[in-house]
Amino acid sequence: MAQRNPFNLFGGGNSPAASVGRVAVGAMLVTGTVPAGATAVCRKKVGSTVTTLGTATVTATGAASYTLSAAAAGGESYGFAWTLPGESVFTAVIVGLGPAATKFTVGASEGSLVAAITGLDAGVTAKSIAPNDGRLTLNAAGNAILVGLTASSVGTKAYTVTLTTGETFNITVTVEAPAAGDPTRWMFAATRLRFPTTTGTFPAAGIYQVQSFFIGTPDYPTTEPRFFLPTFTQTTGGAANAEVAGANVINYEGLSIKVGGQWYSCPTAAFAIDPSTESCGYLLDAIPGVTLPANSLIECRIAFNAASGAQVWGSVRANDLGEVSMGATSSLAAALTDGRTLTGSNGLARQFIPGYMIAKGWDGRPVGLMSGDSIQAGANENSLTGFLSPRGCMGYWQRGLDDNTQSKRIPFGTIALEGSRPSDMANRANWPRKLDAVKKATDANGGKVPMTFIGTNHGTNSATVADPYSWLTGFYQRCHDEWPNTPIYHSELLQRPASTDGYQSLANQTTTAPDSYNGGTSSGIRWAANEIIGKGAPNGDPTARARVDLATDGKPYIAGSFAAWRPIAFDTGNNRDKLGVVALNTTLSADIASGATTLPLSDLGSVQVGDIVIVNPGGTGAYDSAVRSISGNNVTLAGGGSQAFTAGTKVTAAYNDRSGLHPGPRTHIKIAMEAVVPWKQFMGWVNAAVDPAPLSLANVPWASDVPGSDAYEGSAYLTGRRKVGRTSTAPLKDAATATLPTGWTRDTSNRTIILTSSIPAGETLISDWLFQDDWSIRIPASGGTPLNLTFDQNVFKPTKTKSYLIDNRQNGNTTVTNNTVGGSIADAAGSPMTFLMHPGGTGSGTYRFNAFWNMPEDHIRLSEGGGTVEYNFCFGGGQSQLEDPHYDTIQVLPNVVPRTLKGSIVIRYNYFDMRRGIGHTQGVRLADIAAIDAGVTITIENNVIVDPNYDISFSSADTGTVVRNNYFASQPSPSYQKSGAADFGEYLGPIPSTVTVYDNFRLETGAKLAFERNRPA
């Protein structure tokens, strides 16, 4: 910035910085001095008027001169005005503490980001927020405001944030209602559909075809469905442009859907599907007069024809849903609506199916468009029968989005393609047909896209291409250009190690340079890309470069991410680039022939259905396939090898195939439930049916709310808001006499309903049954493929002779909701427990809205698998004091030595009233866990536990457990008084140093309990 002298430099010696010598009348030259290095102008003053004459000549020493254009006259004064070059120190624009205002949507999950704090100096953090009403909290780093434990209602409230320096700033927080959907806007609304990836030919005996296919509908009813028929196929070998036009015309005859037993036809008249005139495909007319019910599996049919030998483009997909293709030499269009059974004769092996379906009825929830590679397309699931979800989903993205047990079901469409690379996708010319296909839906909406976000896993196929920032942002920019204002969410790339021992150890896993983490220093391309995407954080890091840098529209390249690699990593530190171990290091116990799919093994280790099994790893003829079923020590695979093997051949199991590239079916499920679903919860994409308010003195159920009868009670009210236990009014079916579903059998001598084979897709399972007189349920480990079991609205009346009312040894997902379980202390001379879940396995369970009355032993016993236990009402229990019982409301006891917990557990919003209990009682018993797998956590929060001997008992293995915001009221029985070094007040130790315990309270007074450990900053 230049320095300018004052306006008084006139006459000789008027300024110490500039001077003018004597100027005589008639003089033509004015001379003087100015500061060295300055520039100057000569000025004339007559009276009070100042006139600038021109630029003076200034020497290096500051001598100044100016030649007048007219001789000097009396009454005039002359002087020099100078300017000296210079500049001040730059001062940054002050970013004030803030923000001054922010907002979030009601129902957002605890821990979700509300706002990053701006204006913090180095080393300064936020330390508190007031009022401390639980709605907001600070992150551990003290630089962001997060959603707190207490539920918020719609409205605006002022808060004050205090910094470690004592400074404060005010922030206004607005909680908004969820965005209402536009029910007239067509949005993606079907699972199971995808764009073609293969071709075949019409047989002479089947030039006319009719094919059935199934779709899964969203959580909400939809109307006016429209299907898109592609005119191209795609190669899967990684070509820059993999889209190939169909070779000939296929004649469309019609399409129909079946709802409520009635077939509804698409009104689009028969026409020629001609790739030469339509490069991407045809969006059919809406099917009128039908409402597709929510959460339903819908059968559809399509009829078409072409000449013998003509090409058909379609998909080879796993067929677990009973889809059929039938051919003939004359039209089969009548089969679209006449309800006939399709036989499969002369059918095409390629499914000529729509690429997507859009429909009206959108309720405002997020809707996705998936753009990814073979992993997102579900490789190792999409072509193997027996592994799809009941709604036809494949791959961890699809499975996780479609989950509605622990999060909100999110509809989606997909353009994922095996072999596709983001390094090719900045150029629209490399994937124009798919982009144009989506544009057809956008045009139908008058310019509004049929989704609200993009979900991608792209990167693995470009992980050998240098400069991941360039190819990632090129792909992101293309998406911004195609779909403005549509945020992108990116799952970080999975690890890709090789192994010489079938992934049975860390030491024998290696990575190539692009796939190496290297401790985070000079990481390979794969991990450099992950750093750009989300910095490895479970639900992304808002400071990751792709979330900070802006696309050309001024918006961040991506809106968020999650670390999909974490659930299957050896650890989440320096060995994140290696796979965790699936313990199976055994041998064949007998010879097997070439192509054999059943392997007799010396032992089973911890292998589960859906794992990848590797035969002769590293040896001649090595192959891998997914486990379809387990019976005894025999493992049946989805496919066999190309040569025979002798007894003693090594057999191992792994999360991924033997190349380390593609996850197995169980791995996709694991990532879906342990990465995608938690991310959805973090995003606030959760079901609104459950009131998320934390328990407090104002809303816990008091003694007067609890019925006093020992007898069976039909249901109860949890925290005065939600009826739990059986709420159905449908007639109960007696387990002793009711007709059994397919796959189940009745063992009358042991009074047990047993699952003997896998259950057909879409079948309603156990609902509105009465289990009395010792009847119970058993699902053995050998009961077929992994299951998604639901037990809903049942009544159990146990007596003393049963160990478990539901004994589930499968590895699928189990949901137990709105069941009433009523025992009687008078009958409780034995040790019946209620539910035993997933011993020896890794299945996950959800146990919600159940009512338990007077159970003499454990209400819910979780074994190796994880799960969520929430909103259950548990009252009474215990046995005769003479039998020294151990009555625990929730017990976590892995069955199989070394008793390792394999899945994360959340226990929340339950009411455990144990005042009727006799003997040694515990609210939550964790004392029998010997080990916990990496990344597995236990969270116990927002529970009320009344009058056990110990509210929570721990073991030394319970690392990573969090206990917070629980209310305890304990009055120990005299014979079980707490004492000794292991006693921590309400808790029975030993408590590991890594356990987090804070903000727990006395029920009677609201006083905070004294014992705390590892309270977050």
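Computed from a predicted structure; not experimentally measured.

Hey, could you run me through the overall build of the protein chain in this one?
Secondary structure summary: the protein chain contains 6 helices and 77 strands in total. When burial is assessed residue by residue, the protein chain has 56% of its 1017 residues classed as buried. Contacts in the protein chain between residues at least 24 apart in sequence constitute 73% of all its contacts with a sequence separation of at least 6. Just so you have it, the protein chain exposes about 37500 Å², and 52% of that area is on carbon and sulfur atoms.

Honestly, the packing of helix α1 (residues 395–402) against helix α6 (residues 665–682) in this entry has me stumped. Any pointers?
Each pair of packed helices can be summarised by the angle the axes make with each other and by the distance between the axes. It is at 8 Å that the axes of α1 and α6 come closest, and there the two elements cross at 50 degrees. In this view, α1 runs oblique relative to α6, as classed from their interaxial angle. In this structure, α1 crosses over α6, and the sense of that crossing is right-handed. Of the residues in α6, those in contact with Gly395, Tyr396, Trp397, Arg399, Gly400, Leu401 and Asp402 of α1 are His668, Ile669, Ile671, Ala672, Val676, Val677, Trp679 and Lys680. Residue composition of the contact of α1 with α6, by class: 9 nonpolar, 3 polar and 3 charged.

Looking at this structure, how should I read the environment of Gly200?
Along the chain, the position of Gly200 falls in strand β17 (residues 198–201). Not counting chain neighbours up to four residues away, the residues in contact with Gly200 comprise Ala310, Gln311, Val312 and Arg350.

So what exactly am I meant to see when it comes to the packing of helix α3 (residues 468–482) against helix α4 (residues 525–533) here?
At a closest axis distance of 9 Å, the pairing of α3 and α4 adopts a crossing angle of 50 degrees. Here α3 is positioned oblique relative to α4, judged by the angle of their axes. α4 is crossed by α3, and the crossing has right-handed handedness. Taking contact as the criterion, the partners of Pro468, Tyr469, Trp471, Leu472 and Tyr476 in α3 are, on α4, Ile525, Ala528, Ala529, Ile532 and Ile533. In the contact of α3 with α4, the residues fall into 10 nonpolar, no polar and no charged.

What should I look at first to understand the sheet that holds strand β15 (residues 168–176) in this one?
Working definition: the strands of a sheet are paired by backbone hydrogen bonds and lie parallel or antiparallel to each other. Strand order across the open sheet formed by 4 strands is β9-β15-β14-β11, with mixed pairing between neighbours. Every interior strand has two partners, whereas the edge strands, β9 (101–105) and β11 (126–130), have only one. Sheet twist, expressed as the mean angle between neighbouring strand axes with direction ignored, is 30 degrees. As paired elements, β11 and strand β14 (residues 155–163) share 4 bridges and run antiparallel to each other. Pairing of Ala130 across the sheet is with Thr160, part of β14.

Any chance you could explain the confidence of the model for the protein chain here in plain terms?
The predicted structure's coordinates, where accompanied by low pLDDT, should not be read in detail. Mean pLDDT over the protein chain stands at 82; residues scoring 70 or higher make up 82%. In the predicted structure, residues 688–722 sits below a pLDDT of 50 and forms 85 contacts with residues beyond four places in sequence or in another chain. Low pLDDT, under 50, characterises residues 916–920; the stretch is placed with 26 contacts to residues that sit more than four places away or in other chains.

It is not clear to me how α3 should be interpreted in this structure. Could you clarify?
Three- or four-residue spacings in an α-helix give side chains the same orientation, since the helix completes a turn every 3.6 residues. Its 15 residues place the ends of α3 21 Å apart at the C-alpha level, agreeing with the 21 Å of an ideal helix rising 1.5 Å per residue. Where burial is concerned, most of α3 is hidden: 13 out of the 15 residues are buried.

For this particular structure, what's the right way to read the nonpolar core?
The tendency in soluble globular proteins is for nonpolar side chains to be buried side by side. With 54 residues, the main nonpolar core has Tyr396, Trp397, Leu599 and Val613 as its most contacted residues. Put simply, the parts of the chain that give this core at least two residues each are α1, β40 (612–615), β41 (623–631), β42 (634–637), β43 (650–654) and α6. Among all residues touching Tyr396, those that are not within four sequence positions of it are Ile375, Asn457, Ser491, Glu492, Leu494, Phe562, Ala564, His668, Ile671, Ala672 and Val676. Within the second largest apolar cluster, 47 residues are counted, among which are Phe796, Val869, Phe912 and Ile938.

Could you clarify how one ought to interpret unusual backbone geometry in this entry?
Glycine aside, the phi torsion of most residues is negative, and most peptide linkages are trans. Geometrically, the link from Gly98 to Pro99 is a cis peptide bond, its omega value of 15 degrees lying close to zero. Tracing the backbone through its elements, the reader meets Pro99 in the loop between β8 (76–84) and β9. Of note in this structure, Asp467 is not a glycine but carries a positive phi near 65 degrees. Considering the arrangement of structural elements, one finds Asp467 in the loop between β33 (453–456) and α3. Although it is not a glycine, Asn518 adopts a positive phi angle of roughly 60 degrees.

Explain the sheet that holds strand β10 (residues 113–116) here, please?
Taken together, 3 strands build an open sheet; the order of strands is β10-β13-β12 and the sheet is antiparallel. Edge positions in the sheet fall to β10 and β12 (136–138), since each of these pairs with one other strand and no more. The average undirected angle you get between the axes of adjacent strands in this sheet is 25 degrees. Where β12 meets strand β13 (residues 144–147), 3 bridges bridge the pair, whose relative direction is antiparallel. Each bridged residue has a counterpart across the sheet, and for Leu138 the counterpart in β13 is Ile145.

In this structure, what is going on with α6? I would like to understand it.
Between its first and last C-alpha, α6 extends 25 Å over 18 residues, near the 26 Å set by a 1.5 Å rise per residue. The largest bend in α6 is about 35 degrees, located at Ala672. Remark: Gly684 follows α6 within two positions and exhibits a positive phi of approximately 85 degrees.

What should I look at first to understand the pattern of salt bridges in this one?
Charged atoms that come close allow side chains of opposite charge to pair. Scanning the entire structure with this criterion turns up 33 salt bridges. Across the pair Arg658 and Asp624 runs a salt bridge, and its minimum N-O distance is 2.8 Å. Here Arg658, found in the loop between β43 and α6, pairs with Asp624, found in strand β41; they are 34 residues apart in sequence, far enough to count as distant. On the basis of relative accessibility, which here comes to 40%, the residue Arg658 falls in the partly exposed class. Between Arg908 and Glu870 there is a salt bridge, with the nearest N and O atoms lying 2.7 Å from each other. In this pair, Arg908 is assigned in strand β65 (residues 905–908) and Glu870 in strand β61 (residues 866–870), connecting sequence segments 38 residues apart. A network of salt bridges, in which partner residues are shared, links Asp219, Asp363, Arg365, Arg391, Asp402 and Arg409.

Sorry, what's going on with the side chain of Thr414 here?
Structurally, the position occupied by Thr414 is in strand β32 (residues 412–414). Engagement of the side chain of Thr414 in a polar contact is seen with the backbone nitrogen of Ala416, the distance being 3.1 Å. Excluding residues that lie within four positions of it along the chain, Thr414 makes contacts with Leu193, Arg194, Phe195, Gly355, Leu369, Met370 and Gln398.

Whenever I open this one, the environment of Ala286 confuses me. Can you help?
Looking at the element boundaries, Ala286 is found in the loop between β25 (281–283) and β26 (291–292). Separated by 59 residues in sequence, Ala286 and Phe227 have C-alpha atoms that sit 7.8 Å apart. With near-sequence residues (within four places) excluded, Ala286 lies in contact with Trp186, Glu224, Pro225, Arg226 and Pro267.

Before we go on, may I ask you to explain the packing of aromatic side chains in this structure?
Two numbers describe a pair of aromatic rings. These are the distance of the centres and the angle of the planes. Taken as a whole, this structure holds 29 aromatic pairs when the rule is applied. Residues Phe195 and Phe228 carry aromatic rings whose centres are separated by 6.0 Å and whose planes lie at 50 degrees to one another, so their mutual orientation is tilted. On the criterion of sequence distance, the pair formed by Phe195 in the loop between β16 (187–188) and β17 and Phe228 in strand β19 (residues 222–230) is long-range, its members being 33 residues apart. Looking at Phe195, the relative accessible area reads 3%, which means it is buried. A relative accessible area of 0% places Phe228 in the buried class. Centroid distance Phe771 to Phe796: 4.9 Å. Interplanar angle 10 degrees. Geometry classified as stacked. One end of the pair, Phe771, is in strand β50 (residues 769–771); the other, Phe796, is in strand β53 (residues 795–796), and 25 residues separate them in sequence. Following the ring pairs from residue to residue traces out a cluster consisting of Trp397, Phe453, Tyr489, Phe562, Trp679 and Trp685.

What counts as what
Residues numbered from 1 in each chain as written. Predicted model: local features only at pLDDT ≥ 70, side-chain atom pairs only at ≥ 80, totals over all residues. Heavy atoms only, no water. Helix = DSSP H or I, 4+ residues; strand = E, 2+ residues; numbered from the N terminus. Buried < 20%, exposed > 50% of the residue type's maximum accessible area, 1.4 Å probe, protein only. Contact = heavy atoms within 4.5 Å. Areas by Shrake-Rupley, 256 points an atom, 1.4 Å probe, with all protein chains shown as cover. Axes fitted to C-alpha atoms, helices over the stretch in contact; angles between N-to-C directions. Parallel < 35°, antiparallel > 145°, perpendicular 65-115°, else oblique. Left-handed = near helix turned anticlockwise from the far one by under 90°. Nonpolar A, V, L, I, M, F, W, Y, C, P; charged D, E, K, R; others polar. Pairing = 2+ DSSP bridges. pLDDT = per-residue confidence, 0-100. Expected span 1.5 Å × (residues − 1). Core = buried A, V, L, I, M, F, W, Y, C linked by side-chain atoms within 4.5 Å. Bend = angle between axes of the 7 residues up to and from the residue. Salt bridge = Lys/Arg side-chain N within 4 Å of Asp/Glu carboxyl O. Polar contact = N/O pair within 3.5 Å; in protein donor to acceptor, adjacent residues only side chain to side chain. Phe/Tyr/Trp six-rings, centres within 6.5 Å; stacked < 30°, edge-to-face > 60°.

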